[in-house]
Amino acid sequence: ENVGEEAPRPKVAVVVFLLKGNKLLLGRRRSSVGRDTFALPGGHLEFGESFEECAAREVKEETGLDIHKIEYLTVINNVVLRVDKPLHIVAIFVRAFLSDPNQTPQNPEPEKCEGWDWYDWKNPPRPLFGPLENMSASGFNPFPVDCND
Ligand code: 8DG
Ligand code: MG
Ligand code: MG
């Protein structure tokens, strides 16, 4: 039973709604999970990391951008029991803002993403990454009450 292979375990990811005015940053994925769908920057929590550290590190690695005012929003339990590649990811969603509003997104991981741009959350590019489409459909609003126009 399970010789030479670990039983699958849940992973933790931190995903970032990076807000700029009334827009947010999305990029079309090239990774195998969710290929060709528009998703937020984010990735897996490393051992010993805080959620804020993970958010800032993943955004920097994936977009070159520096963020601040990182705030917890919600958590989602993602279970996809595919026979070939079962996936269970606990995704922590945060929001954040640009430390320097003049910075523009780069694409340092072109094998993982087609590139980043600012989009309207009320009229997002589609297809959205599955978990994100669910949040959109449920009316989830990542914007603080004071910038809701
Ligand atoms: P890493 O090797 O850099 O640590 O990880 P990654 O390759 O950047 O991981 P990822 O797939 O981008 O993100 C981890 C998981 O987070 C992803 O498989 C599922 C979950 N997730 C959501 N929604 C979103 C989203 O909108 N964007 C991203 N990037 N991940 C999301 O549930
Ligand atoms: Mg990453
Ligand atoms: Mg990622």
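Refer to the structure printed above.
Criteria and thresholds
Residues numbered from 1 in each chain as written. Chains lettered and ligands numbered in written order. Predicted model: local features only at pLDDT ≥ 70, side-chain atom pairs only at ≥ 80, totals over all residues. Heavy atoms only, no water. Near = heavy atom within 4 Å. Polar contact = N/O pair within 3.5 Å; in protein donor to acceptor, adjacent residues only side chain to side chain. Areas by Shrake-Rupley, 256 points an atom, 1.4 Å probe, with all protein chains shown as cover. 1 Å grid on protein atoms, 1.4 Å probe; cavity = no way out; pocket = protein on both sides within 12 Å on 5 of 7 lines; lining within 4 Å. Sits in = over half its atoms within 2 Å of the grid points. Helix = DSSP H or I, 4+ residues; strand = E, 2+ residues; numbered from the N terminus. Core = buried A, V, L, I, M, F, W, Y, C linked by side-chain atoms within 4.5 Å. Buried < 20%, exposed > 50% of the residue type's maximum accessible area, 1.4 Å probe, protein only. Contact = heavy atoms within 4.5 Å.

Right, let's talk about the site of ligand 1 for a bit. Taken together, 18 residues surround ligand 1, and among them Arg29, Leu40, Gly42, Glu62 and Asn78 come closest. Contact distances for ligand 1 include 3.0 Å between an oxygen atom and a backbone N or O atom of His44. Note that an oxygen atom of ligand 1 is positioned 2.8 Å from one of the side-chain N or O atoms of Glu62. Summarising the interface, the protein chains cover 86% of the accessible area of ligand 1, which totals 610 Å² for the free molecule. When atom positions are compared with the pocket grids, ligand 1 is found to occupy the largest pocket. Where the shell around ligand 1 is concerned, the elements lending two or more residues are strand E1 (11–20), strand E4 (42–44), helix H1 (51–63), strand E6 (87–98) and helix H2 (130–137).

What follows deals with the nonpolar core. Among soluble globular proteins, nonpolar side chains are generally buried collectively. The biggest cluster of nonpolar side chains holds 16 residues, and the ones touching the most others in it are Val16, Leu18, Leu65 and Ile67. Looking at this core, the elements with two or more residues in it are E1, H1, E6 and strand E7 (113–120). At four residues, E6 tops the list of elements feeding residues into this core. Setting aside chain neighbours within four positions, we find Leu65 in contact with Leu18, Leu25, Val59, Lys60, Leu98, Gln103, Thr104, Pro105 and Trp118. Ranked by size, the runner-up nonpolar core spans 15 residues in total, among them Leu19, Ala91, Phe97 and Leu132.

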